[in-house]
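Here is what each chain is made of, one letter per residue.
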Amino acid sequence: MPGPSQSPPSTPAEEAMQRALAAQEKYSAWLMALPPVVGVGVGVVHVHEGDADEVGLIVLCQADEGAAAPLRQIVPARLDGVAIDVQALGPFSAFGADG
């Protein structure tokens, strides 16, 4: 049983989340510098190797699928063992206060 200064053992899900958060902190600046990346988040990523879902980085780009294809050639499938999913959002903009 853990003492007062010890934390309980981590679950695999907690460890995966910590790895993903560490990768986000380490690589966000590099990823955000790549056009057309507009965001980097942590979430559930579908991994084709093994056809499973796991916690990973989601790289959001303001482009259609065709324009996002070159980005997928630059960004590896994994960074520090963390799965990466490049998602094309298409063009978008914020609405102003009046509409």
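The omega angle of the peptide bond from Pro35 to Pro36 is 5°, so this bond is cis rather than trans. Along the polypeptide, Pro36 turns up in the loop between α1 (12-32) and β1 (37-47). Notably, Asp80 is not glycine yet its phi reads approximately 50°, a positive angle. Inspection of the secondary structure assignment puts Asp80 in the loop between β3 (78-79) and β4 (82-88). Classification of Asp80 as partly exposed rests on a relative accessible area of 46%.

What follows deals with the pairing of strand β2 (residues 52-61). Across 10 bridges, the pairing between β1 and β2 is antiparallel. Bridged to Val42 within β2 is Leu57.

Counted at 1.5 Å a residue, the expected span for α1 with its 21 residues is 30 Å, and the 28 Å between its end C-alpha atoms agrees. The principal kink in α1, of about 45°, is found at Lys26. Within α1 the residues assigned to the buried category are Ala16, Ala20, Ala23, Tyr27, Ser28 and Leu31. Those residues of α1 that are buried lie in contact with β1, β2, β3 and β4.

Here we come to the sheet that holds β4. The mixed open sheet is built from 4 strands, whose spatial order is β1-β2-β4-β3. Whereas interior strands pair on both sides, the edge strands pair on one side only; in this sheet they are β1 and β3. Lying over the sheet, α1 contacts β1, β2, β3 and β4, oriented at roughly 145° with respect to β1. Against the sheet, helix α2 (residues 65-74) touches β1, β2 and β4, its axis set at about 155° to β4.

Reading the values: rules and limits
Throughout, a residue's number is its position along its own chain's written sequence, starting from 1. Reporting in this predicted model follows two pLDDT cut-offs: at least 70 for local features of residues, and 80 or more for side-chain atom pairs to be given and counted; totals over whole chains, interfaces and linings ignore these cut-offs and use all residues. Based on all heavy atoms of the structure, the side-chain values leave hydrogens and waters out of the count. Only DSSP runs of H or I with at least four residues qualify as helices, and only runs of E with at least two residues qualify as strands; both kinds are numbered from the N terminus onward. Each residue's exposure class comes from its accessible area (1.4 Å probe, protein chains only) as a fraction of the maximum for that residue type: buried when under 20%, exposed when over 50%, partly exposed otherwise. Two strands qualify as a pair provided that DSSP identifies no fewer than 2 bridges between them. By definition here, a helix of n residues has an expected span of 1.5 Å times n minus one. Fitting one axis to the seven residues ending at a residue and another to the seven starting there, the bend at that residue is the angle between the two axes. Note on contacts: a residue pair is in contact if any heavy atoms of the two residues lie within 4.5 Å. Axis definition: a line fit to C-alpha positions, over the contact stretch in the case of helices; interaxial angles, taken between N-to-C directions, run 0 to 180 degrees.

All we've got here are geometric facts, nothing functional implied.
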